[in-house]
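Architecture and fold: a report
Here's the letter readout for the chains.
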Amino acid sequence: MPMKSVDATVSGFDSVFEKFRSDAPNNKANLILFLADKDPSTSLNCVRAEPVIYKKLEASADDVAVLRAYVGDRPTWRNPQHPWRLDSRFKLTGVPTLVRWDWQNDAVKARLEDHEAHLEHKIDALLSA
């Protein structure tokens, strides 16, 4: 099945997240991938994790929805008052962070932090959680 993706920034996140949540029952897995803004030299957000994550998600036989949430540039993300650092739903500490969203409980079901988001076996476990 194709991976469905939608993008959001901090400023537009709430409306995109509402749509993501309303579509969630139609998918086997609903993931939120928190990323830094794209690096102009690579056109990737995270050179190590992003290609591995997309490879695993695109290879999935299940319907997978991904909300790519861009945290902003480095100075914006480093601000301790960044909204997603303070948001009790996400409690971000690093990027990339890959979150499995449990639509039935409207909460994070499982997560991979920045130091593990590139590990294929952990991505597989997150998808099957």
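Everything below is about the structure shown above.
Residues numbered from 1 in each chain as written. Predicted model: local features only at pLDDT ≥ 70, side-chain atom pairs only at ≥ 80, totals over all residues. Heavy atoms only, no water.

What follows concerns the pattern of salt bridges. Under the counting rule described, the total for this entry stands at 10 salt bridges. As a salt-bridge pair, Glu120 and Lys55 come within 2.9 Å of each other at their nearest N and O atoms. Highlighted residues: Glu120 in helix H5 (residues 120-128) and Lys55 in helix H2 (residues 50-59), separated in sequence by 65 residues. Residue class for Glu120 comes out partly exposed when judged on its relative accessible area of 35%. Taking the relative accessible area as the measure of exposure, Lys55 reaches 46% and is therefore partly exposed. Between Arg111 and Glu113 there is a salt bridge, with its nearest N and O atoms 2.7 Å apart. The buried category is assigned to Glu113, whose relative accessible area is 16%. Look at the salt bridges and you will find they share partners, linking Lys55, Lys56, Glu120 and Asp124 into a network. (Salt bridge = Lys/Arg side-chain N within 4 Å of Asp/Glu carboxyl O. Helix = DSSP H or I, 4+ residues; strand = E, 2+ residues; numbered from the N terminus. Buried < 20%, exposed > 50% of the residue type's maximum accessible area, 1.4 Å probe, protein only.)

Bringing the sheet that holds strand E1 (residues 3-9) into the picture now. One open sheet accounts for 5 strands, arranged E1-E3-E2-E4-E5; its pairing is mixed. The sheet is open, and its two edges are formed by E1 and strand E5 (107-112), each paired on a single side. Going from strand to strand, the sheet's axes swing by 25 degrees on average, the running direction of each strand aside. Both E1 and strand E3 (residues 64-70) contribute to a ladder of 7 bridges, which runs parallel. Residue pairing for E3: Thr9 is matched across the bridge by Tyr70. (Pairing = 2+ DSSP bridges. Axes fitted to C-alpha atoms, helices over the stretch in contact; angles between N-to-C directions.)

Turning next to the packing of aromatic side chains. For the structure on display, the rule yields 9 aromatic pairs. Each ring, one from Phe17 and one from Phe90, has its centre 5.8 Å from the other, and the planes form 75 degrees; the classification is edge-to-face. Placement of the pair is Phe17 in helix H1 (residues 13-23) and Phe90 in the loop between helix H4 (83-86) and strand E4 (97-102), with a sequence separation of 73 residues. The same class applies to Phe17 and to Phe90, which are both buried. Counting every residue linked through ring pairs, the aromatic cluster contains Phe13, Phe17, Phe20, Phe34, Trp84, Phe90 and Trp101. The ring centre of Trp77 lies 3.8 Å from the NZ or CZ of Arg85, which sits over that ring. (Phe/Tyr/Trp six-rings, centres within 6.5 Å; stacked < 30°, edge-to-face > 60°. Lys NZ or Arg CZ within 6 Å of the ring centre and 35° of its normal.)

Mapping Ala107 onto the fold places it in strand E5. When its relative accessible area of 30% is taken as the criterion, Ala107 is described as partly exposed. In this structure, the C-alpha to C-alpha distance between Ala107 and Phe90, residues 17 residues apart in sequence, is 8.6 Å. Leave out the neighbours within four places in its chain, and Ala107 touches Arg100, Trp101 and Asp102. (Contact = heavy atoms within 4.5 Å.)

Generally speaking, nonpolar side chains in soluble globular proteins are found buried as a group. Grouped together as the largest cluster of nonpolar side chains are 19 residues, with contacts concentrated most on Leu31, Ile53 and Leu57. Of all the secondary structure elements, the ones that give two or more residues to this core are strand E2 (29-35), H2, E3 and H5. The residues touching Leu31, leaving out its near neighbours within four places in the chain, are Phe20, Leu57, Val64, Ala65, Val66, Leu67, Leu98, Val99, Arg100, Leu126 and Leu127. (Core = buried A, V, L, I, M, F, W, Y, C linked by side-chain atoms within 4.5 Å.)

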